[in-house]
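Residue strings, one per chain:
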Amino acid sequence: LAQVQECEIALPLLASVTQKQDDYRDAWIVQGYCELTTERPEQALISLERAYALDPEKPEIQYFLARTYGTLGNHRSALTFFQYSLRNGFTPELEIHRRIAHEADALEETSLALEQYNALLRLPEARKDDLEDAVQLALRREQREEGYTIATKGVERWPNDARALYLLGWTAAEIGRNDEANRALEQALNINPTFTAALELQKKLR
């Protein structure tokens, strides 16, 4: 039932199981998952902490505990448990790097957030949205050189993508490499002549 998003039906069944069998780890996990996804984070925390007490090394428990803490605004605990989950082999790895980056950013731990983005951008399944998120984070936190480095790697990976080339142009302009910025923007506009952001930045650089 939980797998097909029928948690409202599953929850009473799970409650009857956990009340009778307090050491049933998987029932506590699924109960916590269902409580989290049906917007009952306080109850989810109780269930998942019970599952964690039964099996503190299981990465899925650590992952859902982290998500619950994040929902409750406890970013420090969320970050800690996401890191535990990564160390214990949670998959997909992309998801956990993304989550750690988000929590680190919320805590203004910029170096850790960028470290996670760099790790996920090395994965085969990384998306161009991840590249953009990483660059925006770097520039928002005034890590311009790091943003430029990330954008350069992005173009190496997606050399014919207008958005990646725009990000390179943007970060190059931020560190005063205007000639390189103009070349990247020209390439982006050759691919997408109506790319508004690229056109606007090109005008500013003239």
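Keep in mind it's a predicted model, so treat the numbers as computed, not measured.

J.: Please clarify how the overall build of the chain should be interpreted in this entry.
T.: A tally of regular secondary structure across the chain gives 12 helices and zero strands. Along the chain direction, N to C, the helices and strands of the chain fall in the order α-α-α-α-α-α-α-α-α-α-α-α. In terms of C-alpha radius of gyration, the chain reaches 22 Å, well past the compact-globule figure of 17 Å for 206 residues. Its C-alpha atoms give the chain principal-axis dimensions of about 70 × 30 × 25 Å. Taken over 206 residues, the chain has a buried fraction of 46%. Excluding contacts between residues fewer than 6 apart, the proportion of contacts in the chain whose partners are at least 24 apart in sequence is 49%.

J.: I'm lost on the packing of aromatic side chains in this one. Help?
T.: Describing an aromatic ring pair means giving the distance of the ring centres and the angle of the ring planes. By the definition in use, this model includes nine aromatic pairs. With a centroid separation of 5.4 Å and an interplanar angle of 80 degrees, the aromatic rings of Phe-81 and Tyr-84 are classed as edge-to-face. In this pair, Phe-81 and Tyr-84 are both assigned in helix H5 (residues 75-87), three residues apart and thus about one turn of the helix distant. Taking relative accessible area as the criterion, Phe-81 reaches 11% and is therefore assigned buried. On the basis of an interplanar angle of 45 degrees and a centroid distance of 5.3 Å, the ring pair of Tyr-166 and Phe-195 is categorised as tilted. Here Phe-195 lies in the loop between helix H11 (178-191) and helix H12 (196-205) and Tyr-166 lies in helix H10 (residues 162-174), a separation of 29 residues in the sequence. Relative accessible area serves as the criterion here: at 10%, Tyr-166 is assigned to the buried category. On the basis of relative accessibility, which here comes to 8%, the residue Phe-195 falls in the buried class. One aromatic cluster is present, formed by Tyr-33, Tyr-63, Phe-64, Phe-82 and Phe-90 through successive ring pairs.

Conventions used here
- Residues numbered from 1 in each chain as written.
- Predicted model: local features only at pLDDT ≥ 70, side-chain atom pairs only at ≥ 80, totals over all residues.
- Heavy atoms only, no water.
- Helix = DSSP H or I, 4+ residues; strand = E, 2+ residues; numbered from the N terminus.
- Rg over C-alpha atoms; globule rule 2.2 N^0.38 Å.
- Buried < 20%, exposed > 50% of the residue type's maximum accessible area, 1.4 Å probe, protein only.
- Contact = heavy atoms within 4.5 Å.
- Phe/Tyr/Trp six-rings, centres within 6.5 Å; stacked < 30°, edge-to-face > 60°.

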